[in-house]
Amino acid sequence: MLRVARHIDSLQVDIACLQERPHNLKVAWDDICHTFLRYPYAVRNKPEKTVLNMAILSRYPIVGHGEQLFEHSRNEYMWADLQVGGDTLRVFNGGA
């Protein structure tokens, strides 16, 4: 996770969407947030699955978030509303 965080940090992106992130039993969510220090705002999917966990990390405040399972499927996506200046932007992060 540290190598991934360093790479993302080197790209200087404002928003990072993680897919297939480690389950909380393998890597604690607090440890993930601590690794991505440049992103003070973060949300994750709940409940956690064995695999296919997702997260959205942002330098902008997250003012809303949720997730949706596609009907008759194991596929899902999550979203987060970010406050960027005077605008609210919705970011989608999808997984299988």
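Nothing here was measured: the structure is a model prediction, and the numbers come from that model. (Residues numbered from 1 in each chain as written. Predicted model: local features only at pLDDT ≥ 70, side-chain atom pairs only at ≥ 80, totals over all residues. Heavy atoms only, no water.)

### Here we look at the overall build of the chain
When you go through the chain residue by residue, the secondary structure sums to two helices and six strands. N-terminal to C-terminal, the α/β element order of the chain is α-β-α-β-β-β-β-β. A total of 96 residues make up the chain; the buried ones form 31% of that total. (Helix = DSSP H or I, 4+ residues; strand = E, 2+ residues; numbered from the N terminus. Buried < 20%, exposed > 50% of the residue type's maximum accessible area, 1.4 Å probe, protein only.)

### Observations regarding the sheet that holds strand 3 (residues 53–58)
Strand order in the open sheet made by the three strands is 1-3-2, with antiparallel pairing throughout. The sheet terminates laterally at strand 1 (15–21) and strand 2 (41–44), the two strands that pair on one side only. The mean inter-strand angle of the sheet, taken between neighbouring strand axes irrespective of direction, is 15 degrees. Of the pairings in the sheet, the one linking strand 2 to strand 3 comprises four bridges and is antiparallel in character. Within strand 3, the position partnered with valine 43 by the bridge is isoleucine 56. (Pairing = 2+ DSSP bridges. Axes fitted to C-alpha atoms, helices over the stretch in contact; angles between N-to-C directions.)

### Topic: the pairing of strand 5 (residues 76–84)
Looking at chain direction, strand 4 (residues 62–69) and strand 5 are connected through seven bridges and run antiparallel. Within strand 5, the residue paired with isoleucine 62 across the bridge is leucine 82. Between strand 4 and strand 5, which pair antiparallel and follow one another directly, the connecting turn spans six residues, one of which, histidine 72, has a positive phi of 60 degrees.

### Remarks on the environment of aspartate 31
Along the chain, aspartate 31 turns up in helix 2 (residues 29–35). Judged by its relative accessible area of 45%, aspartate 31 falls in the partly exposed class. Spatially, the C-alpha atom of aspartate 31 lies 9.9 Å from that of leucine 2, the residues being 29 residues apart in sequence.

### A closer look at the packing of aromatic side chains
In this structure the tally under the stated criterion is three aromatic pairs. Plain terms: the ring middles of phenylalanine 70 and tyrosine 77 are 5.4 Å apart, the flat faces sit at 50 degrees to each other, and that makes the pair tilted. Phenylalanine 70 gets classed as partly exposed once you look at its relative accessible area, which sits at 44%. Aromatic ring contacts, followed pair by pair, group Phe70, Tyr77 and Phe92 into a single cluster. One Lys or Arg, arginine 90, reaches over the ring of tryptophan 79 and ends 3.9 Å from the middle of that ring. (Phe/Tyr/Trp six-rings, centres within 6.5 Å; stacked < 30°, edge-to-face > 60°. Lys NZ or Arg CZ within 6 Å of the ring centre and 35° of its normal.)

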